[in-house]
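Chain by chain, the residues run as shown.
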Amino acid sequence: MNAANNQPGNFSGVKQIFLYNWHFYAAAVVLDLLVWFWLRHSLPASASILVCFAAALASFWAVSSLLASHYVYDRSDLYQWNWLKSALKRNPQLWINIHAGLDQSSESLVRLFPNSRHRILDIYTQSEMTEPSIRRARNYTPSAVAAERANPLTLPLEDCACDTIFLIFVAHELRSPTTKIQFFHELHRALAPGGCIVLAEHLRDWKNFLAYGPGAFHFFSRRTWLAVAAEAGLSITKEFGIASFVRCFVFTKTVADSVSRQSGDTSCA
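For every chain, the first residue of its written sequence is number 1, and the numbers climb from 1 along that sequence. Only residues with pLDDT of 70 or above have their local features reported here, since the model is predicted, and side-chain atom pairs are shown and tallied only from 80 upward, although totals for entire chains, interfaces and linings are computed over all residues. Hydrogens and waters are ignored; side-chain quantities use all the structure's heavy atoms.

Draft legend 1. A look at the layout of surface pockets. The distinction between a cavity and a pocket rests on a 1 Å grid over the protein atoms alone: a 1.4 Å probe fits inside a cavity but cannot get out, while a pocket stays open yet meets protein on both sides within 12 Å along at least five of seven lines, and a residue with an atom within 4 Å of a point counts as lining. Grid points are joined across faces, edges and corners, and a volume is the space filled by probe spheres set on the points. Put simply, the second largest pocket is a space of about 380 Å³. Lining the second largest pocket we find 16 residues, and of these K89, R90, G194, G195 and C196 sit closest to its centre. Note on conventions: DSSP H or I runs of at least 4 residues are helices, E runs of at least 2 residues are strands, and numbering of each starts at the N terminus. Secondary structure elements with two or more residues in the lining of the second largest pocket: β4 (162-168), β5 (191-202), β6 (235-242) and β7 (246-252). For the lining of the second largest pocket, the leading source of residues is β5, giving three residues. Note on residue categories: nonpolar means Ala, Val, Leu, Ile, Met, Phe, Trp, Tyr, Cys or Pro, charged means Asp, Glu, Lys or Arg, and polar means any other residue, Gly included. Residues belonging to the lining of the second largest pocket are distributed by class as follows: five nonpolar, seven polar and four charged.

So, in structure tokens, the structure goes:
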């Protein structure tokens, strides 16, 4: 497979992060201004220390989150897609790319796999995905590749329809544990035996907490993703890091698992 030359411009990735999450950065500025005001009005020493510490943390995380985002989205090889060579054994025959309106991968995947069939699904659900940042992303960055609107709990895919499903920075938008598990059951249903899911996500771990502060709680832990996949009957076959702050998981629907789950007629036969 040939890598697509799709790395964003020098600062385009971090500009998008700032645009989508400007309210967090505005809050940090407001906090710093309040600290300056309170200190000028002679707060008690103990209160001054706490206020200054909170302001320092807010300022640190505002800067560190932008620096980390610049590294991941503008300076690393994330959007060069070379890491897909490690994730996939072979080029897919029919792949599905799933996003929630911010689609920065489909155009590259089409170029990477020119001889493969594909479908693009947009699973944005307003009641489930309540973060204002995702609404801004949908409004400000239209997708370059047309997508089908889809319900994440009832994907418009036949049983065992595809051999590869890409979930690139989208699965964490499903906040409910029940919804995530049902969604992964749908992915399992749509995968052919031997097919795989490529999941790329930031994790709720110490590195992302150091970089993004409380924003890291919008991500989910490694344990969560492994548990969700196992609950859906998927086996992990590969796992590796991308650009220090991102983790890639490859989950596979095994042939033995597919046979054991059959009951009556099925398109997997």
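Draft legend 2. Geometry of unusual backbone geometry. Residue F169 is not a glycine yet carries a positive backbone phi of 55 degrees. If you trace the backbone, F169 turns up in the loop between β4 and α7 (177-190). For the exposure calls, accessible area comes from a 1.4 Å probe over protein chains only, and a residue counts as buried if that area is under 20% of its type's maximum, exposed if over 50%, partly exposed in between. Judged by its relative accessible area of 17%, F169 is buried. Positive phi outside glycine occurs at A243, with the angle close to 55 degrees. Here A243 is to be found in the loop between β6 and β7.

Draft legend 3. Representation of the sheet that holds β6. One bridge is not enough; two strands pair if DSSP finds at least two bridges between them. With mixed pairing, seven strands are arranged side by side in an open sheet as β3-β2-β1-β4-β5-β7-β6. In this open sheet, the two edge strands, each paired with only one partner strand, are β3 (148-149) and β6. Across seven bridges, β5 lies against β7 in antiparallel orientation. Its bridge partner lying in β7, E201 is registered against R247. Contacting β5, β6 and β7, helix α9 (residues 222-231) crosses the sheet at an angle of about 15 degrees to β7. Contacts are assigned to residue pairs with any non-hydrogen atoms lying within 4.5 Å of each other. Inter-axis angles, ranging from 0 to 180 degrees, are taken between N-to-C directions of lines fitted to C-alpha atoms, where helices are fitted over the stretch in contact.

Draft legend 4. Spatial organisation of the packing of α7 against α9. At their nearest, the axes of α7 and α9 sit 8 Å apart, and the two run at 50 degrees to each other. By the criterion of interaxial angle, the relationship of α7 to α9 is oblique. Crossing of α7 against α9: the hand is right-handed. Packed against α7, whose contacting residues are K180, I181, F184 and H185, the element α9 presents T224, W225, V228, A229 and E231 at the interface. Of the residues assigned to the contact of α7 with α9, the class counts are five nonpolar, two polar and two charged. For classification purposes, angles smaller than 35 degrees are called roughly parallel, those larger than 145 roughly antiparallel, those between 65 and 115 roughly perpendicular, and all remaining angles oblique. For any helix crossing, the convention is left-handed if the near helix is rotated counterclockwise from the far helix by under a right angle, and right-handed if that rotation is clockwise.

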